[in-house]
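Structural overview
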Amino acid sequence: MIALTVLATAATPAAAATRATLVVAADGSGDHTTVQAAVDAVPAANTRPVTILVRKGTYRQQVVIPADKPYISLVGDTRDPREVVLTFDAAAATPKPDGSGPYGTSGSASYVISAPDFTARNLTFENSYDEAAHGNSQAVAVRTTGDRQVYDNVRFIGNQDTLYANTASATTTARQYFHDCYVEGDVDFIFGRATAVFDDCVIKALTRGSTDNNGYVTAASTELSNPYGFLIYRSQLTSNAPAKTFHLGRPWPAGGSTTARGQVLVRESWLGQQFKDAPWTDMSGLNWREARLSEYRNHGPGATVNDDRPQLTADQAKAFTPERYLAGADGWNPVRRQRPAPHEPGREVLPRDDGWAAAGTGTTGGSAARPENVHAVSTRAQLLSALGDPADNTPKIIYIEGAIDADTSDSGAPLTCADYAVNGYSLAAYLAAYDPAVWGRTAVPSGPLEEARKASYAKMAAHVSIAVGSNVTLVGAGRDAALKSFGVRIAGADNVIVRNLTITDTSDCFPQWDPTDGADGNWNASFDNVEVSASTHVWLDHNTFNDGDNPDSGQPLYFGRPYQVHDGLLDVVRASNYVTLSWNHLSNHDKVTLIGNTDNESRYGEAGKLKVTLHHNYFQGLGQRTPRVRFGQVHIYNNYYMGGGPYAYSIGVGFGSQVYAESNAFDGIPAANVLSVLNGTTITAKDNLVDRRPADLVAAYNAANGTALGSDAGWTPTLFTRIHPPQVLRVLVPTGAGAGRLR
C-alpha cells in the first residue's frame, strides 16, 4: 500500500487510469478521495479488469458507474463490509439542489450501477434517508441495470425500495448474482425487472410498528418474455416485526407495463414468524395470482403450505436453480459453492440424521451469521446485548468466554437473595406465617407474604432469565465457559444450537411452600437450567448441567421437608418438537428432564409433537426424570446412567408417550427401578444393560409391580447416528460427554 501510494503521487491522471488498481481514501492517502473520481478515471469502453479499492470509512456521495465502463470491481479493503460504507440520503420526494424538482425513485439511488461485468465485494451500500424524521418515502440504496453483475459479502441498507434490481429497458435482460449478502428494508425493498439470484443471504424485514401490515419483501416486475425474475435461495428471511405482519411480495407492473408478470421463487430458505399465511398480495391493479410467485421446500415458523402459497414440484424445481436463472445465452455461471471453512465451532451445524432435530431441513442455528452478528461475551450485560430481542431472528453466533454469573448487577457487582426481595419479604417471616402449626395443611399459602414472595420471584426471574431466539448458536469458547445462575429459555424459537457450556446452579431464592403437595407437603422451585418451550429444531450438545457448589442436598429442612431451590435441569415442554440432546453430562440433581407438560393434550397441543432424541448423554447421580415423557416419540439410545444419591427412577413412561429405549447402560441401578409408569401404557426397550448384563427392562418392571406394561411403542426410529454396543458406554460416554469436550 505504501509503494502504491508513492506511485500514485507521482503518476499523471492518464497513467493512473491505466493501472489495474485504484485506491480511494477519504484522508487523501490513495489515488482519489471519492469513489466517483475513481470511476471517472476508468476509461470508457474499458477492456480489462480494474479494481477500485476503497479504504475504511464512510463516503457520502451519489455515484454513477455507467454502462460504457465494464470490468470494474469495487472492493472494500477489509473483509468486514461495515467498515466501508457508501451512502447518500436522498428520497424520492427530496428536492434536488439545482431546483429542478424532486429526485424521484430512480434518482434517489445512492449508487446507480449500469456497467456490465461489474463486481462489488466487502462493502455497504446505504440510503441513509431518515424516515422517522421526514416521513416514509422511496429511497434507493442501489439501482442496478447492468448484466453479469456480482455482489459478494455486500450489505444493502435502507427502508422503502432499498435495492432496485433492474434492467436498462423492458426489452433487455440483466443478470445479477448476490452471494453472502445482507439486505434490509420494509416496503418493496427488493424490486425491479432484473434476473437476480440471492444465494446464502440474510434478508431482514424491518418493522414499521404495525400490528397488521409492516411491508413487502419483493416487488418484481419481470416481463412475461423472461422466465426468470428473483430467486431467493437457501437464505434466511428474518425480521424484528410481529408475527404475520409481512408479505413475501407483490407483483409490480413497472411503468404501467401490461406485460409485466413478476416472477419470484423463494426456495429452501428459512422464513421467520413475520410472514402472513397468505404472503402474496396484489399491486397496482395486478392480481398476484396472475403473476409467477411461488415457494419450494422452505422451513421455519413462517413457512407453511396452503392454497395461498403456490409450491413448485420437485420436477419443476429442477428448472429453477441459480445456475438456470443466470446462464442466459452465454452460459454465465458465477455461482459460488461454499468451500470448507476452517474449524469454527459457532459455524458447525447438526450432522445429517443426528436425531429428531435433523428432521426436515435440520438444525443450523446461527451458522449463517454475518460478521457483525458474531459476538464474544464475558459479562451478563454483553450477553444480553448480544442476544438482543428474541423477536429479531437475525442469525447470531455468541461465544461465551469464561464464567458469567447472572447474580451480578449491570456494573458487575455481586447480588444476593436479599437484593431481589421486595415488599418486605424475608424467609424468616415466610416460615413463621406458613408454619403448618399456624397455617395448617389444607390450603396453599396466600396473603401479603405470599404476594411478596411472588413479587420477589418475579424480580429475580426478570434479572436471571435469558431468552434465546431463533437462528442462534450459543457456544462456549473454551473449557471454562459457563453460565452460572441463569435460567436459559428457548421459547417460541426455531433453529437453535447450545453447545460446550456448563450451565449451573439455576437456584430460586423464593421457592413456594405447598402443604398440599403430597402427604407431607413440598417446597417447589421454579427455575430450570434450560427450558425448551414451544420451540422447534433445537440441538443441545456437549453441555454440563448441575447445581454446582449449591446442591439441594446441602439445603436445610423446613417443616420437615427439604428446602428445594432447584427445579429441572433441562425440560422440553409446551409442544416443542424436533430436539436432539447429545453428549451432555447431567449430574447430582433430583428432577432432571420433563418432556411434555401435562396429561391434558388440549392445553398445549402436545400430541404428535415432542419428538426428541437423547443419545450419548451421561446421567450421573440423578434422582428421577431422565427423562419423564408424555406424548412424544422419544428415542433414548447409547446413554450411560450411573446411580448414586437419592434415586427414584430413570425413564418415566407418561401419558401418551412412545419411548424407544435401546442400547443404554445402567450401573448401580436395579433393573426393576429403571422404569416408572406414570399413566403410560407401553415402551420399546431393547439391548439395554444393567450392571453390565443384558436386562429386559419391561419384564423387570412388570415382575416387580405386578403390571402389564406393553413392550411395543408402535414406531421405529430412523434418524440416528452410529449406535455403539452398550458394553462400551461406561468408558466412551463419560470420556466424551460434557462441556469442554467438543471433538
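**Section: the overall build of the chain**
A count of helices and strands for the chain gives 15 helices and 55 strands. For the chain, the C-alpha radius of gyration of 30 Å lies close to 27 Å, the compact-globule estimate for 743 residues. Along the first, second and third principal axes, the C-alpha set of the chain runs to 95 × 55 × 55 Å. Contacts in the chain between residues at least 24 apart in sequence constitute 73% of all its contacts with a sequence separation of at least 6. Total accessible area on the chain stands at roughly 28300 Å², and carbon and sulfur atoms take up 51% of it. Taking the average location of the 61 positive side-chain charges in the chain and that of its 74 negative ones, the two points are 5 Å from each other.

**Considerations on the pairing of strand β12 (residues 175–179)**
In terms of burial, β12 is largely enclosed, as five of its five residues are buried. Neither face of β12 is open: one carries Arg 175, Tyr 177 and His 179, the other Gln 176 and Phe 178, and all of them are buried. Relative to β12, strand β10 (residues 149–157) runs parallel, the two sharing four bridges. Bridge pairing in β12 links Gln 149 to Gln 176. One ladder, built from five bridges, connects β12 with strand β15 (residues 195–199); its direction is parallel. Looking across to β15, one finds that Arg 175 is bridged to Thr 195.

**With respect to the nonpolar core**
Formed by 79 residues in total, the largest nonpolar core has its most connected members in Leu 383, Ile 400 and Leu 483. For this core, the element with the most residues is helix α12 (residues 448–464), which contributes five residues. When sequence neighbours within four positions are dropped, the list of residues in contact with Leu 383 reads Val 377, Ile 398, Ile 400, Ile 466, Leu 474, Leu 483 and Phe 486. Counting 58 residues, the second largest nonpolar core, distinct from the first, contains Val 54, Leu 86, Phe 230 and Val 266.

**Some thoughts on the side chain of Gln 160**
Its location among the elements puts Gln 160 in the loop between β10 and β11 (163–165). Taking the relative accessible area as the measure of exposure, Gln 160 reaches 15% and is therefore buried. With near-sequence residues (within four places) excluded, Gln 160 lies in contact with Glu 131, Ser 137, Gln 138, Ala 139, Asp 186 and Val 187.

**Considerations on the pattern of salt bridges**
Tallying each qualifying case throughout the model produces 33 salt bridges. Of the charged contacts in the structure, one is a salt bridge between Glu 372 and Arg 155, with a shortest N-O distance of 3.2 Å. Taken together, the residues Glu 372 in the loop between α7 (322–327) and β24 (374–377) and Arg 155 in strand β10 connect sequence positions 217 residues apart. When sorted by exposure, Glu 372 lands in the same class as Arg 155, which is buried. In this structure, the salt-bridge partner of Asp 277 is Lys 244, at a minimum N-O distance of 2.9 Å. You can see Asp 277 sitting in the loop between β22 (270–271) and β23 (292–296) and its partner Lys 244 sitting in the loop between β19 (236–239) and β20 (246–249), a full 33 residues away along the chain. On the basis of relative accessible area, Lys 244 is assigned to the partly exposed category, the value being 43%. Each member of the salt-bridge network shares a partner with another, and the members are Asp 80, Arg 82, Arg 155, Asp 180, Arg 370 and Glu 372.

**Re the state of the cysteines**
The tally for this structure, following the rule as stated, stands at two disulfides. The disulfide partner of Cys 181 is Cys 201, and the gap between their sulfur atoms is 2.2 Å. Between Cys 181 and Cys 201 the disulfide shows an S-S torsion of about 120°. By sign, it is right-handed. A residue pair is termed long-range when its members are at least 10 positions apart, and Cys 181 in the loop between β12 and β13 (182–185) and Cys 201 in the loop between β15 and β16 (202–205) qualify at 20 residues. Each member of the pair, Cys 181 as well as Cys 201, is classed as buried. What pairs with Cys 417 in a disulfide is Cys 509, and their sulfur atoms sit 2.0 Å apart. Of note, the bridge from Cys 417 to Cys 509 carries an S-S torsion of about -75° and is left-handed in sense. Of this pair, Cys 417 sits in helix α9 (residues 417–420) while Cys 509 sits in the loop between β32 (502–504) and β33 (512–514), and the two are 92 residues apart along the sequence. Taking the relative accessible area as the measure of exposure, Cys 509 reaches 13% and is therefore buried. In the chain, the bonded cysteines, taken in the order they occur along the sequence, pair up as 1-2, 3-4.

**Some remarks on helix α8 (residues 380–387)**
Residues of α8 that are buried: Arg 380, Leu 383, Ala 386 and Leu 387. Buried residues of α8, seen end-on, are gathered within an arc of 130° and therefore sit on one face of the element. Positive phi appears at Gly 388, one or two residues downstream of α8, with a value of about 60°.

**Considering the side chain of Asp 199**
Looking at where Asp 199 falls in the secondary structure, it is placed in strand β15. The contact partners of Asp 199, leaving out residues within four places of it in the chain, are Tyr 177, Phe 178, His 179, Asp 180, Tyr 233, Ser 235, Val 335, Arg 336 and Arg 337.

**Comments concerning the confidence of the model for the chain**
Reading predicted coordinates in detail is not appropriate for stretches of low pLDDT. Confidence in the prediction of the chain, expressed as mean pLDDT, is 95, and 97% of residues score 70 or more. Confidence drops under a pLDDT of 50 for residues 1–17, and excluding neighbours within four residues, the segment shows 14 contacts in the predicted structure.

**So, the sheet that holds strand β9 (residues 142–144)**
Consider a sheet: its strands pair through backbone hydrogen bonds, and that pairing is either parallel or antiparallel. Read across the open sheet, the seven strands follow the order β4-β7-β9-β11-β14-β17-β20; overall the sheet is parallel. Looking along the sheet, the strands with just one partner apiece sit at the ends: β4 (63–65) and β20. Across the sheet, the mean angle from the axis of one strand to that of its neighbour is 10°, orientation sign disregarded.

Criteria and cut-off values
- Residues numbered from 1 in each chain as written.
- Predicted model: local features only at pLDDT ≥ 70, side-chain atom pairs only at ≥ 80, totals over all residues.
- Heavy atoms only, no water.
- Helix = DSSP H or I, 4+ residues; strand = E, 2+ residues; numbered from the N terminus.
- Rg over C-alpha atoms; globule rule 2.2 N^0.38 Å.
- Contact = heavy atoms within 4.5 Å.
- Areas by Shrake-Rupley, 256 points an atom, 1.4 Å probe, with all protein chains shown as cover.
- Lys, Arg positive; Asp, Glu negative; His and termini not counted.
- Charge placed at Lys NZ, Arg CZ, Asp CG, Glu CD.
- Buried < 20%, exposed > 50% of the residue type's maximum accessible area, 1.4 Å probe, protein only.
- Pairing = 2+ DSSP bridges.
- Core = buried A, V, L, I, M, F, W, Y, C linked by side-chain atoms within 4.5 Å.
- Salt bridge = Lys/Arg side-chain N within 4 Å of Asp/Glu carboxyl O.
- Disulfide = S-S within 2.5 Å.
- Arc of directions from axis to C-beta.
- pLDDT = per-residue confidence, 0-100.
- Axes fitted to C-alpha atoms, helices over the stretch in contact; angles between N-to-C directions.

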